[in-house]
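# Structural description and commentary
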There are 2 protein chains.
Amino acid sequence: MKKIDILKKLRTSGLRPTKQRVEIARFLFEREKTFHFTVESLNKLLAKKTTAKISLATIYNTVHSFKTAGHLSEVEVRGNKSYFDTNVSNHHHFYDSETSELIDIDANDIVIQKIPKAPNGKKIKNVEVFINLKN
Amino acid sequence: MKKIDILKKLRTSGLRPTKQRVEIARFLFEREKTFHFTVESLNKLLAKKTTAKISLATIYNTVHSFKTAGHLSEVEVRGNKSYFDTNVSNHHHFYDSETSELIDIDANDIVIQKIPKAPNGKKIKNVEVFINLKN
DNA sequence: TTTCACTTTAGAATTATTATAAACTAGAAT
DNA sequence: ATTCTAGTTTATAATAATTCTAAAGTGAAA
């Protein structure tokens, strides 16, 4: 994704393209593959890469804004930290607890044949499959 | 499960049946249905129910001991707190984020037809399905 | 250029959990 | 029964992730 598109992405989702947001957005979205991270890892990577430092609170704010705008998804993983994913399409994950690594699984690579119906009064929002790995 | 069986359960898993462990174990395992809880909710419920108070640290210790012994499973749910489940068989969950409530789904009620193979060098430990609910 | 609602920031506060170390206790050995 | 000891409980401190606060900064509309 090009810088011009990133600016558009921010504006169209009602996020003022500030210096910090643009820098974070470029870091996250100017890449080919999807990217998984925690706030902590993102903070370190940005600190290494960039000139001006961005405060941790801003990284939290920005990641949440991006999530609310639908530009990031939060992945449910056991443990203390929240994981985020630049892949916002419907998909699943391998989770390697030895390395705390997440790997995307395309939605088409898992087919569910039988599924229970939702408890009464509720609807199914989405189905997430986790394939936990071992060595 | 009867008290005598609970004592056996503790002893056979190398856990000395102390006053506190027996009290917690009876609260968790002397019931028909499976039970989902967080340490916080368990602490409150025990405080309401019992005479002598059990310290929060002991509840953490005990829940972890029970988990290690295979008497409880930990359920991966997005959010800050850890959820535990007295159902230790292979099964899945509905998760209602509005009420933070977990509901068991029997392993037989979900059939997965197609599944990707594990990344090289890794094996599949288990597959967990979450059906997220909305109103 | 002025204005102001939105944003960033440093640091404090909060929340869940784990660590510490002293007091206690179940059960084995005497 | 009494003593002993490793395992357990406890209150409290420490840690870690995240959220809150309120003051200072800034994009962009007028």
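These numbers were taken from a predicted model, which means no experiment stands behind them. Along each chain, numbering runs from 1 in the same order as the chain's sequence is written. Think of it this way: whatever chain is written first is A, whatever ligand is written first is 1, and the rest follow in order. Two thresholds apply to this predicted model, a pLDDT of at least 70 for residue-level local features and 80 or more for giving and counting side-chain atom pairs, whereas whole-chain, interface and lining totals are computed over all residues. Side-chain numbers here rest on the full set of heavy atoms in the structure, without hydrogens or water.

### Things to note about the relation of the copies chain B and chain A
Superposition of the copies used a least-squares fit over C-alpha atoms from residues whose pLDDT is at least 70 in both. With an RMSD of 0.2 Å, the operation that places chain B on chain A is a rotation of 179° combined with a shift of 0.0 Å along the axis. The symmetry that links the two subunits is that of a two-fold axis. Counting the interface residues of chain B, we find that 100% of their copies in chain A are interface residues as well, pointing to one common contact surface. Note on definitions: a residue-residue contact is assigned when non-hydrogen atoms from the two residues lie within 4.5 Å.

### Quick look at the protein's contact with DNA strand D
Neighbouring residues of DNA strand D: 18 residues in total, closest A:Arg11, B:Thr18, B:Gln20, B:Arg21 and B:Thr58. Protein-adjacent atoms of DNA strand D, using a 4 Å cutoff, are sugar or phosphate at a proportion of 80%. Contacts to DNA strand D include B:Thr18, whose side-chain N or O atom sits 2.4 Å from a phosphate oxygen. Polar contacts, as counted here, are pairs of nitrogen or oxygen atoms within 3.5 Å of one another; within protein the pair requires one atom able to donate a hydrogen and one able to accept it, and residues that are adjacent in sequence qualify only if both atoms are side-chain atoms. At 2.6 Å from a sugar or linking oxygen of DNA strand D is found a side-chain nitrogen or oxygen belonging to B:Gln20. Every element with two or more residues in the surface near DNA strand D is listed here: helix H4 (56-68) of chain A together with helix H2 (19-29) and helix H4 (56-68) of chain B. Nearness here has a simple test: a residue counts as near a molecule or strand if at least one of its heavy atoms is within 4 Å of that partner. Helix numbers and strand numbers start at the N terminus; a helix is a DSSP run of H or I with at least 4 residues, a strand a run of E with at least 2.

### Observations regarding the protein's contact with DNA strand C
Within the structure, DNA strand C sits among 18 residues, and A:Thr18, A:Gln20, A:Arg21, A:Thr58 and B:Lys81 are positioned closest to it. In DNA strand C, atoms within 4 Å of the protein come from the sugar-phosphate backbone in 82% of cases. Side-chain polar atom of A:Gln20 to a sugar or linking oxygen of DNA strand C: 2.7 Å apart, as the coordinates give it. With respect to DNA strand C, the side chain of A:Arg21 contributes an N or O atom lying 2.6 Å from a phosphate oxygen. For the surface near DNA strand C, the secondary structure elements donating two or more residues are helix H2 (19-29) and H4 of chain A together with H4 of chain B.

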